[in-house]
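Commentary on secondary and tertiary structure
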Amino acid sequence: MINRRSFIAALSTSVAAAGTAESAESEHSALIALSDRLPSALNAYQEAASDVEWINAEWEPQWPMPDPEIYLYGFDTKRHEGLLGQGIETPWGKGEETRIQNIGTPERFEAEYQDHMERADRKAGYKSPKAMQRELRWAERAKARKEIARSYWAEVDRVKSASGIEAAQKRKAQALEALSNLIGEIMEFDEKTLAGLAVKAQALTAWQEVPKSWQIMNHDAPKWLSGMASSINRLVT
C-alpha cells in the first residue's frame, strides 16, 4: 500500500523531471521568484527545529520534577509541563492512574497561608483552642509548600533561561510560519507550464517536512493535491 508521503514523493519526482524539459522562462516570473526562496526557507526551518531538538536533549535531564506536595488545582496553578511545553503525566489517586496535573505557585500557597491565619485569628476567642490550632497547622503547611513551590519554579526559570529554549522555540515558530506561508503562495499560484508544476511539486515535498499537527491545521492543504492533479490533466493531456 502506498502511503501519502510516498505518493507525494513519486508525484513530485515525475513532475519535476517533466518540468526540467520545459524552460522556466515561459513560466510566471513571480512563481519562479517564489521557488527561488523555497530552499532557504526550508533550510531555515530545519535548522531552527534542529536547534530546539538539540537544546531539549541537552537540558531535559536537568528539568526539575515537583514535590507531590505542590500538586494542586484551581487558581494560581500551572499545568505540569516539560521543557518543550509538553504535558507530563504523574501518578494520581490511589490506583495506577496517571494524568497531567497542575502545580501550585508560591502566590497560591501564600494566599492559603494568609487565609488560614485570618481564620485562626477569628477562632482565637473560642472556648476550645482546637479550631484555632487546626487553622495554624494548615497555615504552617501552606507556608512550607510555598517554599517548595518557590524552589521548584525558580529551577524551572533557571533551566529555561540557561538553555535558551524560549528564544529557540520562537525562531522555530517564525521559520515554520514563513515556510508554510511561502508554500501556500506557491500552491495557490496559477501556473502556466510544467516548469511551474515542478515548482509546486517541490513545494509539496517541502510541506512533508513540517509537523503533522501543522499540516492538519491548514485547511487549504487537502486541496493542493487535487489542484495538482487537475493541472497535470490540463498541461499534459
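In what follows, the structure referred to is the one given above.
Scope of this entry: the structure provided in the associated data block. Being a predicted model, the structure only gives us computed values, none of them experimental. (Residues numbered from 1 in each chain as written. Predicted model: local features only at pLDDT ≥ 70, side-chain atom pairs only at ≥ 80, totals over all residues. Heavy atoms only, no water.)

1. Some points on the overall build of the protein chain
What counts, and what does not: The numbering of helices and of strands both runs from the N terminus, where a helix is a DSSP run of H or I of at least 4 residues and a strand a run of E of at least 2. The buried label goes to any residue with under 20% of its type's maximum accessible area, the exposed label to any with over 50%, and the partly exposed label to all in between, with areas taken from a 1.4 Å probe on protein chains only. Contacts are residue-level and defined by heavy atoms, with any inter-residue pair within 4.5 Å sufficient. Shrake-Rupley sampling with a 1.4 Å probe provides the accessible areas, and residues are treated as covered by the protein chains on show and by no other component.
Check the secondary structure of the protein chain and you find eight helices and four strands. Counting only residues that meet the buried cut, the protein chain has 38% of its 237 residues in that class. Within the protein chain, residue pairs in contact and separated by at least 24 positions form 73% of the contacts whose partners lie at least 6 positions apart. Total accessible area on the protein chain stands at roughly 14100 Å², and carbon and sulfur atoms take up 54% of it.

2. Some remarks on the environment of Gly-227
With respect to the helices, strands and loops of the structure, Gly-227 is situated in helix α8 (residues 221-236). Under the relative-accessibility criterion, Gly-227 is labelled partly exposed at 32%.

3. A few points about the pattern of salt bridges
Which entries qualify depends on this criterion: Salt bridge, as used here, is a side-chain nitrogen of Lys or Arg placed within 4 Å of a carboxyl oxygen of Asp or Glu.
Scanning the entire structure with this criterion turns up twelve salt bridges. The salt bridge partner of Asp-115 is Arg-119, with a shortest N-O separation of 3.3 Å. Of the two residues, Asp-115 and Arg-119 are both situated in helix α3 (residues 106-122); the distance of four residues between them amounts to about one turn of the helix. The network of salt bridges with common partners includes Glu-69, Arg-141 and Arg-145.

4. Topic: the packing of α3 against helix α4 (residues 130-163)
This is how it is decided: Note on method: axes are straight lines fitted to C-alpha atoms, helices fitted across the in-contact stretch only, with angles between N-to-C directions ranging 0 to 180 degrees. Roughly parallel means an angle under 35 degrees; roughly antiparallel, over 145; roughly perpendicular, 65 to 115; everything else is oblique. Two helices crossing with the near one rotated counterclockwise from the far one by less than a right angle form a left-handed crossing, whereas a clockwise rotation gives a right-handed crossing. In this classification, Asp, Glu, Lys and Arg are treated as charged, Ala, Val, Leu, Ile, Met, Phe, Trp, Tyr, Cys and Pro as nonpolar, and every other residue, Gly included, as polar.
Contact geometry of α3 with α4 gives a least axis separation of 8 Å together with a crossing angle of 165°. It follows that α3 is roughly antiparallel to α4 by the angle criterion. Like other packed secondary-structure pairs, α3 and α4 cross with a definite hand, here left-handed. Across the interface between the two elements, Pro-106, Phe-109, Glu-110, Glu-112, Tyr-113, His-116, Met-117, Arg-119 and Ala-120 of α3 pack against Met-132, Glu-135, Leu-136, Trp-138, Ala-139, Ala-142, Lys-143, Arg-145, Lys-146, Ala-149, Arg-150 and Trp-153 of α4. Looking at the contact of α3 with α4 residue by residue, the classes come out as twelve nonpolar, one polar and eight charged.

5. Comments concerning the side chain of Thr-105
Mapped onto the secondary structure, Thr-105 falls in the loop between β4 (102-104) and α3. Contact partners of Thr-105, with chain neighbours within four places excluded, come to Asp-76, Thr-77, Lys-78, Ala-149 and Trp-153.

6. Re helix α5 (residues 165-187)
To keep it simple, the criterion reads: Any helix carries an expected span of 1.5 Å times its number of residues minus one.
Given a rise of 1.5 Å per residue, 23 residues ought to cover 33 Å, and the 32 Å separating the end C-alpha atoms of α5 matches this to within 8%. Every buried residue belonging to α5 is among Ile-165, Ala-168, Ala-175, Leu-176, Leu-179, Ser-180, Leu-182, Ile-183, Gly-184, Ile-186 and Met-187, and all of these are buried.

7. Observations regarding the packing of aromatic side chains
We apply this condition: Ring geometry is summarised as follows: Phe, Tyr and Trp rings, the Trp one being its six-membered ring, pair when their centres sit within 6.5 Å, and such pairs are stacked at plane angles under 30 degrees, edge-to-face over 60 and tilted between the two. Charge-over-ring placement is defined geometrically: NZ (Lys) or CZ (Arg) within 6 Å of the ring centre, and within 35 degrees of the ring normal.
Taken as a whole and assessed by the stated rule, the structure comprises two aromatic pairs. Ring plane angle 75° and centroid distance 4.9 Å describe the contact between Tyr-152 and Trp-153, whose orientation is recorded as edge-to-face. For Tyr-152, a relative accessible area of 6% gives the class buried. Here Trp-207 and Trp-224 contribute two aromatic rings whose centre-to-centre distance is 5.1 Å and whose plane-to-plane angle is 70°, an arrangement assigned as edge-to-face. Of this pair, Trp-207 sits in helix α6 (residues 194-207) while Trp-224 sits in helix α8, and the two are 17 residues apart along the sequence. Just above the ring of Trp-153 sits the side chain of Lys-78; from NZ or CZ to the centre is 4.8 Å. Just above the ring of Trp-92 sits the side chain of Arg-99; from NZ or CZ to the centre is 3.6 Å.

8. What to know about the packing of α5 against α6
Interaxial distance between α5 and α6 falls to 9 Å at its minimum, and their mutual angle equals 150°. Considered as vectors, α5 and α6 are oriented roughly antiparallel to each other. Handedness of the α5/α6 crossing: left-handed. Of the residues in α6, those in contact with Ser-180, Ile-183, Ile-186 and Met-187 of α5 are Val-199, Lys-200, Ala-203, Leu-204, Ala-206 and Trp-207.

9. As for the environment of Lys-172
Structurally, the position occupied by Lys-172 is in helix α5. The exposure class of Lys-172 is partly exposed, given its relative accessible area of 25%. Through-space distance from the C-alpha of Lys-172 to that of Ser-50 is 8.9 Å; in sequence the pair is 122 residues apart. Among all residues touching Lys-172, those that are not within four sequence positions of it are Tyr-45, Ala-48, Ala-49 and Val-52.

10. Quick notes on the nonpolar core
Let me state the cut-off plainly: Buried Ala, Val, Leu, Ile, Met, Phe, Trp, Tyr and Cys residues form a nonpolar core when they are joined through side-chain atoms within 4.5 Å.
Counting 28 residues, the largest nonpolar core has Leu-38, Leu-179, Ile-183, Ile-186, Met-187 and Trp-224 as the members making the most contacts within it. Listed by contribution, the elements that provide at least two residues to this core are α2 (29-59), α5, α6 and α8. Leave out the neighbours within four places in its chain, and Trp-224 touches Ile-183, Gly-184, Met-187, Glu-188, Leu-204, Trp-207 and Asn-218. Counting 18 residues, the second-largest nonpolar core is a separate cluster that includes Ile-55, Ile-88, Tyr-152 and Trp-153.

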